[in-house]
Every structure is written in C-alpha cells, then in structure tokens.
Amino acid sequence: MKGTIEDVQVRAYRIPTDDPEADGTYRWDSTTLVVVHCRAGGTAGLGYSYADAAAATLVKDKLAGKVLGRSAFNIPGCWFAMAGSVRNLGEQGIAMLAISAVDTALWDLKAKLVGLPLVDLLGGVRDRVPVYGSGGFTSYTIEQLQHQLAGWVEEGIIRVKMKIGTQPDKDPERIARARAAIGSAQLFVDANGAYDRKQALAMAEIFNDYQVSWFEEPVVHHDLEGLRLIRDRAPATMEISAGEYGFELDYFRRMAEAEAVDVLQADATRCGITGFLQAANLCQAFHLPLSSHCAPALHLHPCCAASAVRHMEYFHDHVRIERMLFDGVVVPVAGELAPDRSRPGLGIELKEDVAKRYEI
Ligand SMILES: [Mg+2]
C-alpha cells in the first residue's frame, strides 16, 4: 500500500527559558517539547507538542502501534485508532497532547508524500496571517515588559499581549506602563483565569482606561457562565477570549453554545491539526473568529487554510524554541507570517544536532 506508515520515532527535549516566566496562575523556567517523526516510503513527517515527557512515553508504548501499517493518506483512520486506544486513560490531557504530536506528523508526512506545502494540501484561503506578540510575563520587571512589547511594535507587530493576575493590585500600573511603551498599538491582556467574576468585571472597567481590546481568560476557563457574564458586561471595545485548553471538539462546542467568548482560541499541540480544523469549522457555524494559541510554526499552514482564523499568537517562549530547534521557521514581515511554499509539509525540520543538547 502506498504511504504505509513504517516507523514512528519520538523524543522529548527540555529547553530552559531565557528568563523565569510566570502568568496569573503558573510559573515555569523550562519548556518540554515532544517531537514525533512518522516515516512512509522513505519520507519523514514531523510533528510536535509542548507537553511533558509522559506524552513521549505514550507515543512510544501505545500510539505508535496504532498507526504503524496504516496509510499516511488516511489521517482520520489513524486519529480514531489513536483516540480509541486512550479511552481508559482519559481522552484529554497527556493522551491528547501525545495524539496531537502524531497527528501533526501525519499531516506533515501526507503533504510531503504528495509534494505540497501543507496549506495547499488543505486548501488555502489566505497567503499570510497577522500575528500578535505575546509574552509580558508577570515575572518581568516593568522595564523588561516595556522593552519586549515595544520591540514587537517596532518590528511592525501592531498587537501585543501581556500576562496579568499574579498580583491583581499591581495590574493597573503594569498595564498603564505597557500602554505608555506601545503608543497606539492594540493591547491584549491574559489573566489565565486568575480573577473571580466580580474582580474581573471591575478590572475590565479599569483596563478600558488604557484601551485594552482583548481580555483573555478573565476567569477560569471552565466557568462558562462567568465568561459569559464578563463578555456581556465588559465594554463593547473589549473582546473576551478563551479556548486554549480545548482538547476535543465537544469542549469548543460547549464554549460556543454558552456564548462565552467573542473570539475562540484553539491550540493544535493539544487538539491536533485535525481538531484545530474541526474547531475552525465550528467557529464558522457560530460566526466566531478563531485565534491560534502558541506554537506559531505549527499553526501557520492550518491558519492559512481556515477561513475563521483572525490571527495567530506569536508567543515569546515558543518563538525562541522554534527558531533554535527547527530549520525553515519563517519570521513576521509587517506583522504577518507567510508560509514558505517552496518547502513541502509544514516547511520545518528538526535541527538534530542542536536538539540533542536538550534531550531528556
Ligand atoms: Mg492564554
């Protein structure tokens, strides 16, 4: 059979951050990247997830056996075989992070087997996607925060996002200083669920004085009624967003049905490229814009192929890792990313020699 999957390899890498990073509910000083290669007919497809080494174990011990011998052209068949195999482990979390890495490797492989960039295999609706610069960690000093956000604006990225919520009483001052550094650029904030409902409503009023136009996860993402409350009561110029923890289509459907967000977010390192495209179709049916979360090198091609997409997150930590560890990563021009259509698949390859230093 043409395109038979003959080999699945997985490696995990831990890459230290350049500075300690924190948001409203989490702190970290390293990021774990799980990389999968699926091979068919002498061609290797690359996929990855920002996950935990446990996801690599799951790929090796369980998922590889579910896709070996199948056709790389039949990704849905591989998807359902993998999803079925993790029923007793829970179909979210680590299991879906692992499935997502394999799913992406299969999309890359299929596109390479037919000699097309992934965007053209999927069918493009646009040639480039606007990005927003994302970082502004709560562990940063005011000077670091201003320098990072202003740096993106100087590069032509006219939307920037900062973290809030670690010390709520300090947030208005940090936001004021960020606004002072970026002039008239769009200012997004992400609380990562750190506020309660009334606190978030009060903060939205304060943030409005600094023209904050995007308030992400004002309350914990499970609280769909809370998100809906903030969405209904926040200033009309401030959009509410969430969705980055969506592992499967039902999660996105519930968020859309609850009218919880103005813009849905989805992360293909958690729901696979397959799940990301499903989320994009769902968004179209609900008249919701979609924004990709993190991992810009992975999202670029699917974002060019999904009409619901508004923009992509250009996340500091992942931008740095993807430039360090992958060949073929494109950089924004005038605030937009465009796929390199001279390269098949996702257009990126692992720099094995560099990656080896971080293997765990
Ligand atoms: Mg977020």
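Residues numbered from 1 in each chain as written. Predicted model: local features only at pLDDT ≥ 70, side-chain atom pairs only at ≥ 80, totals over all residues.

## Overview of the overall build of the protein chain
Piece 1. From N to C terminus, the protein chain includes 13 helices and 14 strands.
Piece 2. The principal-axis extents of the C-alpha atoms in the protein chain amount to approximately 60 × 40 × 35 Å.
Piece 3. Every one of the 360 residues in the protein chain was classed for burial, and the buried ones make up 53%.
Piece 4. Counting only contacts in the protein chain whose residues sit at least 6 apart along the sequence, the fraction spanning at least 24 positions is 70%. (Helix = DSSP H or I, 4+ residues; strand = E, 2+ residues; numbered from the N terminus. Buried ≥ 20, exposed ≤ 12 C-beta atoms within 10 Å, placed from the backbone. Contact = placed C-beta atoms within 7 Å.)

## Some remarks on the sheet that holds strand β1 (residues 7–23)
Piece 1. What the three strands build is an open sheet, ordered β1-β2-β3; its pairing is antiparallel. Each end of this open sheet is capped by a strand with a single partner; those strands are β1 and β3 (43–50). The sheet shows a mean angle of 20° between the axes of neighbouring strands, taken without regard to direction.
Piece 2. Strands in contact with helix α1 (residues 53–67) are β1, β2 (26–40) and β3; relative to β1, the strand with the most contacts, it is inclined by about 155°. (Pairing = 2+ DSSP bridges. Axes fitted to C-alpha atoms, helices over the stretch in contact; angles between N-to-C directions.)

## Looking at the domain arrangement of the protein chain
Piece 1. Parsing the protein chain into structural domains produces domain 1 (7–115 + 352–358) and domain 2 (120–350).
Piece 2. Taken together, the contact pairs 40 residues of domain 1 with 37 residues of domain 2.
Piece 3. Listed by contribution, the elements that provide at least two residues to the side of domain 1 that touches domain 2 are β1, β2, β3, α2 (75–85), α3 (94–113) and α13 (352–355).
Piece 4. In terms of residue class, the side of domain 1 that touches domain 2 is built from 19 nonpolar, 11 polar and 10 charged. (Domains from an automatic or database assignment. Nonpolar A, V, L, I, M, F, W, Y, C, P; charged D, E, K, R; others polar.)

## A word on helix α9 (residues 249–257)
Piece 1. Buried residues of α9: Tyr251, Phe252 and Met255, and no others. Summarising the axial view, the buried residues of α9 lie within an arc of 95°, below the 170-degree limit, and thus occupy one face. Exposed positions of α9 whose direction lies more than 90 degrees from the buried face are Asp250 and Glu257.
Piece 2. In this structure, the buried side of α9 is in contact with α8 (224–233), β8 (239–242), β9 (263–266) and α10 (268–286). (Arc of directions from axis to C-beta.)

## Points about unusual backbone geometry
Piece 1. In the Ramachandran plot, glutamate 217 falls in the positive-phi region, its phi being about 40° despite a non-glycine side chain.
Piece 2. Within the fold, glutamate 217 resides in the loop between β7 (212–216) and α8.
Piece 3. With 29 C-beta atoms counted inside 10 Å, the residue glutamate 217 sits in the buried group.
Piece 4. If you check the backbone angles, histidine 287 has positive phi at about 55° while not being a glycine.
Piece 5. Mapped onto the elements of the fold, histidine 287 is located in the loop between α10 and β10 (290–292).

## Here's the deal with the pairing of β1
Piece 1. Bridge count between β1 and β2: 13 bridges; the pairing is antiparallel. Each residue of the ladder has a partner; that of glutamate 21, found in β2, is tryptophan 28.
Piece 2. Taking the residues that link successive antiparallel strands as the turn, the β1-β2 hairpin has two residues.

## Observations concerning the packing of helix α5 (residues 142–154) against helix α6 (residues 171–182)
Any two packed helices are characterised by the angle at which their axes cross and by the distance between the axes.
Piece 1. Across the interface, α5 lies against α6 with an axial gap of 9 Å and an inter-helix angle of 35°. When the axes of α5 and α6 are compared, the crossing they make is right-handed. Taken together, the residues of α6 that come into contact with α5 (itself represented by Ile142, Leu145, Gln146, Leu149, Ala150 and Val153) are Arg174, Arg177, Ala178, Ala181 and Ile182.
Piece 2. A class-by-class count of the residues in the contact of α5 with α6 yields eight nonpolar, one polar and two charged. (Left-handed = near helix turned anticlockwise from the far one by under 90°.)

## Side note on the packing of α2 against α3
Piece 1. Packing of α2 against α3 leaves a shortest axis separation of 10 Å and a crossing angle of 165°. Judged by the angle between their axes, α2 and α3 are roughly antiparallel. Viewed along their axes, α2 and α3 form a crossing whose handedness is right-handed. Here α2 contributes Ile75, Cys78, Trp79, Met82 and Ala83 to the contact with α3, which in turn contributes Ile99, Val102, Asp103, Leu106, Trp107 and Lys110.
Piece 2. Considering only residue class, the contact of α2 with α3 consists of nine nonpolar, no polar and two charged. (Parallel < 35°, antiparallel > 145°, perpendicular 65-115°, else oblique.)

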